[in-house]
Amino acid sequence: MSCDFEYELKFDGNGAKGHMDPLSATKHVYIDHSSKNIFVEDAKVMLPSSTFSNDGLFSRSWYIDGNVRGFNELYTLTASTTAYALWQDPALYTLDLGC
C-alpha cells in the first residue's frame, strides 16, 4: 500500500517585481505489510536563485517557515508553503577574502 502527498512551494518577491513559477514535490509513503515496515520518500526541491527585481537591491536567500535558506539548497517540503525573497543593499555587503 502507498500514499502520496503533493506539496507546493510558491515564491513571493517580498515587494519586488517579477514572477516565479511554483515548484511541486511529492512525498511517497510505502507500507510493506509483510515486514510491517513503513518507508518514506521525502518531498524535496532544489531552491532556485531569485529572478525577482527590486530597484538596486540584490536577493541573497529565501525566508521559509521562519528560517533563512540559501539558493541551490535542497529543501524538504512537509506542507505547501511560500518562500519569501530576502533583499540586501549591495553597499552593506562585506567580503571576507581571508587575508
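Analysis parameters
- All residue numbers refer to positions counted from 1 along the written sequence of the respective chain.
- For this predicted model, a pLDDT threshold of at least 70 governs which residues receive local features, and a threshold of 80 or more governs which side-chain atom pairs are given and counted, while totals over whole chains, interfaces and linings are taken from all residues.
- Values shown for side chains rest on all heavy atoms present in the structure; no hydrogens or waters enter the calculation.
- Residues belong to one nonpolar core when they are buried, are Ala, Val, Leu, Ile, Met, Phe, Trp, Tyr or Cys, and are joined through side-chain atoms within 4.5 Å.
- Summary of the burial criterion: residues with accessible area below 20% of their type's maximum are buried, those above 50% are exposed, and those between are partly exposed, where the area comes from a 1.4 Å probe applied to protein chains only.
- The way it works is that DSSP assigns letters per residue, a run of H or I at least four long becomes a helix, a run of E at least two long becomes a strand, and they are numbered from the N terminus.
- It only takes one pair of heavy atoms within 4.5 Å for two residues to be counted as in contact.
- One speaks of a salt bridge when a side-chain nitrogen belonging to Lys or Arg is within 4 Å of a carboxyl oxygen belonging to Asp or Glu.
- For two strands to be treated as a pair, DSSP must find no fewer than two bridges joining them.
- In this analysis, axes come from line fits to C-alpha atoms, helices being fitted only over the stretch in contact, and the angle between any two N-to-C directions falls in the range 0 to 180 degrees.
- Planes of paired rings set the category: under 30 degrees apart is stacked, over 60 is edge-to-face and the rest tilted, where pairs are Phe, Tyr or Trp rings (Trp by its six-membered ring) whose centres lie within 6.5 Å.

**Student:** Just checking my understanding: could you explain the nonpolar core for this structure?
**Tutor:** Across soluble globular proteins, you tend to see nonpolar side chains buried next to one another. With 17 residues, the main nonpolar core has Leu9, Phe11, Val45, Leu47, Phe52, Trp62 and Leu77 as its most contacted residues. Looking at this core, the elements with two or more residues in it are β1 (2-12), β4 (43-46), β5 (58-64), β7 (74-77) and β8 (81-88). Sequence-distant contacts of Leu77, defined by excluding residues within four places in its chain, comprise Tyr7, Leu9, Ala25, Ala43 and Val45.

**Student:** What should I look at first to understand the pattern of salt bridges in this one?
**Tutor:** Where charged atoms of side chains with opposite charge meet at close range, the side chains can pair. With the rule as written, the count across this model stands at one salt bridge. Put simply, Arg69 and Glu73 hold a salt bridge, and the shortest N to O gap is 3.2 Å. The partly exposed category is assigned to Glu73, whose relative accessible area is 26%.

**Student:** Even after reading the chapter, I still don't get unusual backbone geometry, so can you show me in this structure?
**Tutor:** Among all residues except glycine, the phi angle is most often negative; among peptide bonds, the trans geometry is most common. With phi around 55°, Asn14 is a residue other than glycine that occupies positive phi space. Asn14 gets classed as partly exposed once you look at its relative accessible area, which sits at 41%. Its identity as a non-glycine residue notwithstanding, Asp65 has a phi of 50°, on the positive side. Tracing the sequence through the fold places Asp65 in the loop between β5 and β6 (67-69). With relative accessibility at 51%, the residue Asp65 sits in the exposed group.

**Student:** What is the right way to read the sheet that holds β5 from this model?
**Tutor:** Sheet strands line up and pair through hydrogen bonds in the backbone, either parallel or antiparallel. Sheet architecture is open: six strands sit in the order β3-β2-β1-β8-β5-β6, paired in mixed fashion. For this open sheet the edge positions go to β3 (37-41) and β6, each flanked by a neighbour on one side alone. Strand-to-strand twist in this sheet, taken as the mean axis angle between neighbours without regard to direction, amounts to 30°. As judged from the eight bridges shared by β1 and strand β2 (residues 23-32), these two strands associate in the antiparallel manner. Each bridged residue has a counterpart across the sheet, and for Cys3 the counterpart in β2 is Val29.

**Student:** For this particular structure, what's the right way to read the packing of aromatic side chains?
**Tutor:** Counted according to the given criterion, the structure contains three aromatic pairs. Look at Phe52 and Trp62: their rings are 6.5 Å apart centre to centre, the planes differ by 80°, and that puts the pair in the edge-to-face class. Residue Phe52 is located in the loop between β4 and β5, and its partner Trp62 is located in strand β5; the two are separated by 10 residues in the primary sequence. Owing to a relative accessible area of 0%, Trp62 belongs among the buried residues under this scheme. Ring geometry for Trp62 and Phe71: centres 6.0 Å apart, planes at 70°, overall edge-to-face. Of the aromatic side chains, those joined through ring pairs into one cluster are Phe11, Phe52, Trp62 and Phe71.

Function-wise, these values are silent; they only describe arrangement.
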